[in-house]
Structure formats: C-alpha cells, structure tokens
Amino acid sequence: MNATAPARHLAPPPAPALFRHLLRSEWIKLWSLRSTPYVLGVGGLVVTGICVNAARSNADRLDRGPRPGPDGAPDAAPFAFDALGTAFVDPAWQLLMVLAACLGAAALSGEYATGLARTTFAAVPDRRSVVAAKAVVVTAVLLVFGAGVALASFAATQALLRDHGGLSLSDPGAARAVVASALLAPVCGLVGMAAGALVRHAAGAAVTVIGVLLLLPALFQGDTYRWVRETGHLLPLDAWATLVRDPALPVVEKYPATAAEAWTVLGVWGVAGLAVAVAAVRHRDV
C-alpha cells in the first residue's frame with residue numbers, strides 16, 4: 001500500500017505593489033537624498049533674499065528722492081520702478097529654475113548612479129508606474145516649495161515698498177504672478193526628470209537643464225525678426241516672464257506673448273517633461 005505524500009502548502013505570490021506604496025517609496029527616496037533639504041531650504045532663502053535685497057535698495061532710493069542734476073536742480077527724470085517685478089527678480093527665479101530642475105533630475109539619475117534602479121524595476125516591472133510616482137512626489141514637493149517662495153518673496157518685498165506703491169494680492173496681475181512663480185518650480189522639476197532619464201548622470205543632467213532653461217532663451221531675445229521672439233516665447237523662462245509682468249505698465253516689447261499663450265507653454269513643458277521621462281525609462285536598459 002502506497003503512502004500518500006503530504007500536501008505542500010505553497011506560499012501565495014506577493015501582492016503587486018499599489019500606487020500608494022510607490023508614492024511612499026518615492027517620498028522616502030527623495031528625502032533620503034542629502035541634497036534635498038539643502039536645495040529646498042537654503043535655495044528658498046537665497047531666492048527670497050535676492051528679491052528682498054532688491055526691494056530694500058529700491059525703497060532706499062525712493063526715500064532719498066530725485067538726485068540733483070548737473071545744474072544743481074532736482075533731476076526731473078522719473079525713477080522707473082516696478083513693484084511687482086521687484087518681487088520676481090530674474091536672477092533669483094532663474095536660480096530657482098535650476099534648483100528645481102536639478103532636484104527633479106536627481107530623483108532619477110541618483111537611482112541609476114547607485115544601482116538602485118535595478119532593484120526598483122525588479123520589484124516593480126511596470127516602469128511607467130514608477131516614473132509616475134516619482135513625478136507625483138517631485139511635483140507635489142516642488143509645488144509647495146515654489147508656492148512658499150513666491151508668497152514669501154511677494155509679501156516681504158511689498159511690505160518694504162508699502163510707502164512706495166507696494167501691491168497686495170488683490171491688485172491686477174499680482175495673484176497671477178504668484179501662481180505662475182509657484183508653478184515654475186514643478187514644471188522645471190519635470191524637465192529635470194526628463195534630463196535625468198536621458199543623461200543618467202547628475203552633472204550631465206545639471207548642464208543639460210541649465211542649457212535648455214537658461215542659455216537657450218538667450219538666443220531668442222532680439223526683436224529684429226518676429227520668428228526669433230515667437231520661438232523664445234515657447235520657452236519656460238519667457239512664459240514665466242510674461243505672466244509676472246505688471247499689466248498696469250506699458251508693454252515695450254515688439255512681439256509680446258499673451259497670458260493664455262504663456263500658461264499653455266508652461267503646461268506643455270510640464271507634460272512633455274513627464275512624457276520624455278516615461279519614454280526614456282521604459283525603452284532603455286537599466
């Protein structure tokens with residue numbers, strides 16, 4: 001009589017990772033990068049400080065009044081002053097663009113540099129879900145970062161300029177400028193993710209985003225040819241500059257972009273950055 005072999009109970013296969021699990025994992029990965037708190041903390045203070053310093057300088061100059069002319073009489077030439085522009089000084093927000101883009105690039109290039117990408121994709125073969133989770137985390141963090149810096153810069157600069165035409169959020173163009181500046185950070189973060197997915201090296205990704213976000217717009221600043229300026233309007237820096245412009249001031253540009261066009265450009269760059277990151281990660285070997 002043959003003895004019946006005891007039945008073996010096989011362990012059930014592990015349940016597939018849910019998207020909320022991926023979000024939690026990507027959140028931990030992002031904050032485990034030593035550069036993240038420094039980029040957000042120190043970078044935010046530097047960006048705000050540059051704008052506050054510009055507002056203080058303008059307030060001091062306005063307090064002193066018109067300077068005397070060559071004949072000793074007060075100079076009749078008015079001081080060209082833009083209260084809204086003082087809250088969003090170009091060099092400060094160009095620095096914010098680079099910081100946000102480098103943080104987005106590090107979220108992907110860091111995994112390839114350490115080899116963690118192999119472990120991640122072995123645990124979660126659906127690479128699109130991984131990149132989507134990274135994008136959600138990076139976008140959320142940089143949106144909070146951008147909103148905090150934009151509000152802090154606007155509030156601090158306009159407080160310094162309260163006796164010289166300082167603005168409030170209810171003034172025309174003010175809320176639009178704050179929202180555009182807040183959205184600039186996550187848009188550049190997604191562009192940085194695309195660079196990180198393509199280059200897979202932190203230094204190379206940083207050079208790429210600086211070239212695309214800052215150096216490329218410099219080639220399309222002239223008003224001699226219409227196509228040159230209209231090409232420039234397709235870049236994030238120009239779109240942001242259009243949205244932070246005070247609508248109460250006259251437009252001196254020969255071929256200006258509209259606010260609707262600028263919002264569209266920011267949205268397209270964000271979506272394009274995510275699409276490039278997904279395509280690069282999905283179709284390239286680890």
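Preceding block: the structure.
The structure displayed is predicted, hence computed values, not measured ones.

*Asks:* Account for the nonpolar core, naming residues and giving values.
*Replies:* Phe88, Trp93, Leu96, Leu142, Met193, Leu213 and Trp240 are the most contacted members of the largest nonpolar core, which totals 64 residues. Leave out the neighbours within four places in its chain, and leucine 142 touches Leu40, Ala100, Leu103, Ala182, Ala185, Pro186 and Gly189.

*Asks:* Pulling in residues and values, what's your account of helix α11 (residues 259-283)?
*Replies:* Helix length check: α11, at 25 residues, gives a terminal C-alpha distance of 36 Å against a target of 36 Å (1.5 Å per residue), a fit within 8%. Along α11, the residues classified as buried are Ala262, Val265, Leu266, Gly270, Gly273, Ala277, Ala280 and Val281. Buried residues belonging to α11 abut α4 (90-114), α5 (116-123), α6 (127-160), α7 (174-199) and α10 (236-243).

*Asks:* Can you tell me about the side chain of serine 153, naming the residues and giving the values?
*Replies:* Among the secondary structure elements, serine 153 is positioned in helix α6. Residues in contact with serine 153, not counting those within four places in the same chain, are Thr48, Cys51, Ala87 and Trp93.

*Asks:* Outline the packing of aromatic side chains, listing residues and values.
*Replies:* Overall, the coordinates contain 3 aromatic pairs when judged by the stated rule. Taken together, a centroid distance of 5.7 Å and an interplanar angle of 55° make the contact between tryptophan 27 and tryptophan 31 tilted. Taken as a pair, tryptophan 27 and tryptophan 31 lie in helix α1 (residues 19-32) at a separation of 4 residues, close to a single helical turn. Residue tryptophan 27 is classed as partly exposed on the basis of its relative accessible area, which comes to 45%. Look at tryptophan 31 and you get partly exposed, because its relative accessible area is 36%.

*Asks:* So what's going on with the layout of surface pockets? Which residues, and what values?
*Replies:* A water-sized probe, rolled over the atoms, reveals where empty space remains. As a volume, the largest pocket reaches approximately 540 Å³. Lining of the largest pocket is provided by 22 residues; of these, Asp90, Ala241, Thr242, Val244 and Arg245 occupy positions nearest its centre. Among the elements of the structure, α3 (83-87), α4 and α10 are those that each provide at least two residues to the lining of the largest pocket. Here the lining of the largest pocket takes 5 residues from α10, the largest share from any one element. A breakdown of the residues in the lining of the largest pocket according to their chemical character gives 9 nonpolar, 6 polar and 7 charged.

*Asks:* Residues and numbers for the environment of serine 57, please.
*Replies:* Position of serine 57 among the secondary structure elements: in helix α2 (residues 35-64). With 103 residues separating them along the chain, serine 57 and leucine 160 place their C-alpha atoms 9.8 Å apart.

*Asks:* How would you explain the packing of α7 against helix α8 (residues 202-218) if you had to name every residue and give the values?
*Replies:* At their nearest, the axes of α7 and α8 sit 9 Å apart, and the two run at 130° to each other. When the axes of α7 and α8 are compared, the pair comes out oblique. The handedness of the crossing between α7 and α8 comes out as right-handed. Only Gly204, Ala205, Thr208, Val209 and Leu213 of α8 make contact with α7, whose side of the interface consists of Cys188, Val191, Gly192, Ala195, Gly196 and Val199. The residue inventory of the contact of α7 with α8, partitioned by class, reads 7 nonpolar, 4 polar and no charged.

*Asks:* Talk me through α8; I want residue IDs and the actual numbers.
*Replies:* Helix length check: α8 (17 residues) gives 24 Å between terminal C-alpha atoms against 24 Å at 1.5 Å per residue, within 8%. Most pronounced at glycine 211, the bend in α8 amounts to some 35°. Regarding α8, the residues found buried are Ala205, Val209, Leu213, Leu214 and Pro217.

*Asks:* So, the pattern of salt bridges: which residues are in play, and what are the values?
*Replies:* For the structure on display, the rule yields 10 salt bridges. Where aspartate 60 meets arginine 56, a salt bridge forms, and the shortest distance between an N and an O atom there is 3.9 Å. Of the two residues, aspartate 60 and arginine 56 are both situated in helix α2; the distance of 4 residues between them amounts to about one turn of the helix. Note on arginine 56: relative accessible area 42%, which makes it partly exposed. Notably, a salt bridge pairs arginine 226 with glutamate 230, separated by 2.7 Å at the nearest N-O pair. You can see arginine 226 and its partner glutamate 230 sitting in helix α9 (residues 226-232), 4 residues apart, about one turn around the helix. Assessed through its relative accessible area of 38%, glutamate 230 is described here as partly exposed. It is possible to trace a salt-bridge network through shared partners that takes in Glu26, Lys29, Glu111 and Lys134.

Conventions adopted
Residues numbered from 1 in each chain as written. Predicted model: local features only at pLDDT ≥ 70, side-chain atom pairs only at ≥ 80, totals over all residues. Heavy atoms only, no water. Core = buried A, V, L, I, M, F, W, Y, C linked by side-chain atoms within 4.5 Å. Buried < 20%, exposed > 50% of the residue type's maximum accessible area, 1.4 Å probe, protein only. Contact = heavy atoms within 4.5 Å. Helix = DSSP H or I, 4+ residues; strand = E, 2+ residues; numbered from the N terminus. Expected span 1.5 Å × (residues − 1). Phe/Tyr/Trp six-rings, centres within 6.5 Å; stacked < 30°, edge-to-face > 60°. 1 Å grid on protein atoms, 1.4 Å probe; cavity = no way out; pocket = protein on both sides within 12 Å on 5 of 7 lines; lining within 4 Å. Points joined across faces, edges and corners; volume = space filled by probe spheres on them. Nonpolar A, V, L, I, M, F, W, Y, C, P; charged D, E, K, R; others polar. Axes fitted to C-alpha atoms, helices over the stretch in contact; angles between N-to-C directions. Parallel < 35°, antiparallel > 145°, perpendicular 65-115°, else oblique. Left-handed = near helix turned anticlockwise from the far one by under 90°. Bend = angle between axes of the 7 residues up to and from the residue. Salt bridge = Lys/Arg side-chain N within 4 Å of Asp/Glu carboxyl O.

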